[in-house]
Every structure is written in C-alpha cells, then in structure tokens.
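Residue-level listing of the chains:
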Amino acid sequence: MSKVSIACIALLNGKILVAHRNPTGQMGGRWEFPGGKVEPGETDKEAVIREINEEFGINVEVGEKIAEASFVHNEENVLLHAYRIFVPHDGIEKKYILTEHTEYNWIPIEDVLKLNFVDSDLLLYPKVKSYVLEELKK
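Rules used throughout
- Residues numbered from 1 in each chain as written.
- Predicted model: local features only at pLDDT ≥ 70, side-chain atom pairs only at ≥ 80, totals over all residues.
- Heavy atoms only, no water.
- Helix = DSSP H or I, 4+ residues; strand = E, 2+ residues; numbered from the N terminus.
- Rg over C-alpha atoms; globule rule 2.2 N^0.38 Å.
- Buried < 20%, exposed > 50% of the residue type's maximum accessible area, 1.4 Å probe, protein only.
- Contact = heavy atoms within 4.5 Å.
- Areas by Shrake-Rupley, 256 points an atom, 1.4 Å probe, with all protein chains shown as cover.
- Phe/Tyr/Trp six-rings, centres within 6.5 Å; stacked < 30°, edge-to-face > 60°.
- Core = buried A, V, L, I, M, F, W, Y, C linked by side-chain atoms within 4.5 Å.

Peer 1: What is the right way to read the overall build of the chain from this model?
Peer 2: When helices and strands are tallied, the chain shows two helices and seven strands. Its helices and strands in sequence order give the chain the pattern β-β-β-β-α-β-β-β-α, from N to C terminus. For 138 residues, the compact-globule estimate of 2.2 N^0.38 gives 14 Å, and the C-alpha radius of gyration of the chain, at 14 Å, lies within 12% of that figure. For the chain, the residues scored as buried account for 43% of the 138 residues in total. Partitioning the intrachain contacts of the chain with sequence separation of at least 6 by distance along the chain shows that 65% fall at a separation of at least 24. As presented, the chain carries roughly 7700 Å² of accessible surface, and 50% of it is formed by carbon and sulfur atoms.

Peer 1: What is the right way to look at the packing of aromatic side chains in this model?
Peer 2: Where two aromatic rings form a pair, the distance of their centres and the angle of their planes describe that pair. What the rule picks out here adds up to four aromatic pairs. Taking 5.0 Å as the distance between ring centres and 65° as the angle between the ring planes, the aromatic pair formed by Phe33 and Phe117 counts as edge-to-face. Linking Phe33 in the loop between β3 (31–32) and β4 (35–37) with Phe117 in the loop between β7 (101–107) and α2 (119–137), this pair joins segments that are 84 residues apart in sequence. The pair formed by Phe33 and Phe117 is uniform in burial state, with each residue classed as buried. On the basis of an interplanar angle of 40° and a centroid distance of 4.7 Å, the ring pair of Tyr96 and Tyr104 is categorised as tilted. Tyr96 gets classed as buried once you look at its relative accessible area, which sits at 5%. For Tyr104, a relative accessible area of 14% puts it in the buried group.

Peer 1: Can you walk me through the nonpolar core in this structure?
Peer 2: Here is a general trend for soluble globular proteins: nonpolar side chains tend to be buried in one another's company. Judged by nonpolar contacts, the single largest core of 21 residues is most densely connected at Ile16, Phe33, Val112 and Val128. Contributions of two or more residues to this core are made by β1 (3–12), β2 (15–21), β5 (61–73), β6 (76–86) and α2. Apart from the residues within four sequence positions on either side, Ile16 is in contact with Ile9, Ala10, Leu11, Phe33, Asn105, Trp106, Ile107, Pro108, Ile109, Val112, Val128 and Val132. Among the nonpolar cores identified, the runner-up in size contains 18 residues, and Ala10, Val38, Val48 and Ile52 belong to it.

See below:
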C-alpha cells in the first residue's frame with residue numbers, strides 16, 4: 001500500500017508560494033511546495049488544512065486537485081497529490097508562523113527551477129506550471 005502526501009499550491013498576484021525547509025532531515029535546506037503526509041483516517045483535504053495550519057499558522061480553503069505523481073522514498077511507494085489552496089493573506093505584513101521552514105517566498109512559477117527544490121515536487125512541476133499559467137490567463 002502506498003503512502004499519500006500532499007503538496008499545496010497557493011497563488012497570489014500571479015506568484016506561487018514556496019517554502020525553504022529547516023536544515024535537518026533528508027530534504028533539509030531545500031525548497032518545496034508546502035505540504036506533508038496524509039495521516040491514517042484523514043482525507044487529502046483534511047491533511048492540507050492540518051499541514052498548512054501546523055506549518056504556517058493559517059487556515060486555508062482547499063480547491064481542486066491539480067496534479068499527482070508517484071515515487072519511491074526509503075523503499076516505500078508514495079503518491080503525491082497537489083491541491084490548489086487559498087490563503088487568507090500573503091504573509092508579508094502579517095507574517096506566517098513557521099514551524100518546518102526557515103523562510104517562504106512568492107515567486108513566478110518559472111523561478112521554481114532556479115531553486116534547490118525537492119525532487120518529489122519537481123515531479124509535479126510540469127502540471128503545476130501548466131495549471132498556474134492557465135490560471136493567470138483568467
């Protein structure tokens with residue numbers, strides 16, 4: 001049975017939210033789309049709400065699933081689902097409260113490839129980029 005993780009895609013003013021992981025752990029010090037593991041008995045959307053609240057101290061609305069990928073991590077199959085989220089504010093004037101990251105930033109989607117991004121999120125990148133570019137046309 002595969003584990004399920006979620007990645008959260010927040011868009012604001014034409015930019016996407018990315019976060020820089022704390023320097024510990026296997027993916028420490030790398031950039032990512034915020035998110036985490038889906039706990040047993042939890043839906044993807046419940047996990048999105050919990051993870052963003054735990055990692056950023058905000059409550060979000062969850063939109064549609066926009067991408068998915070699968071990979072192997074520590075000899076376990078993982079399904080990664082990316083969801084659009086809607087944040088209550090940009091975290092600039094009123095800072096997000098970080099617990100798993102050292103910083104966050106709003107960047108153009110093309111700039112993701114300029115960062116040292118976690119491999120699993122890069123699997124989502126082509127579909128996320130297409131989604132973001134379509135949203136920007138609206």
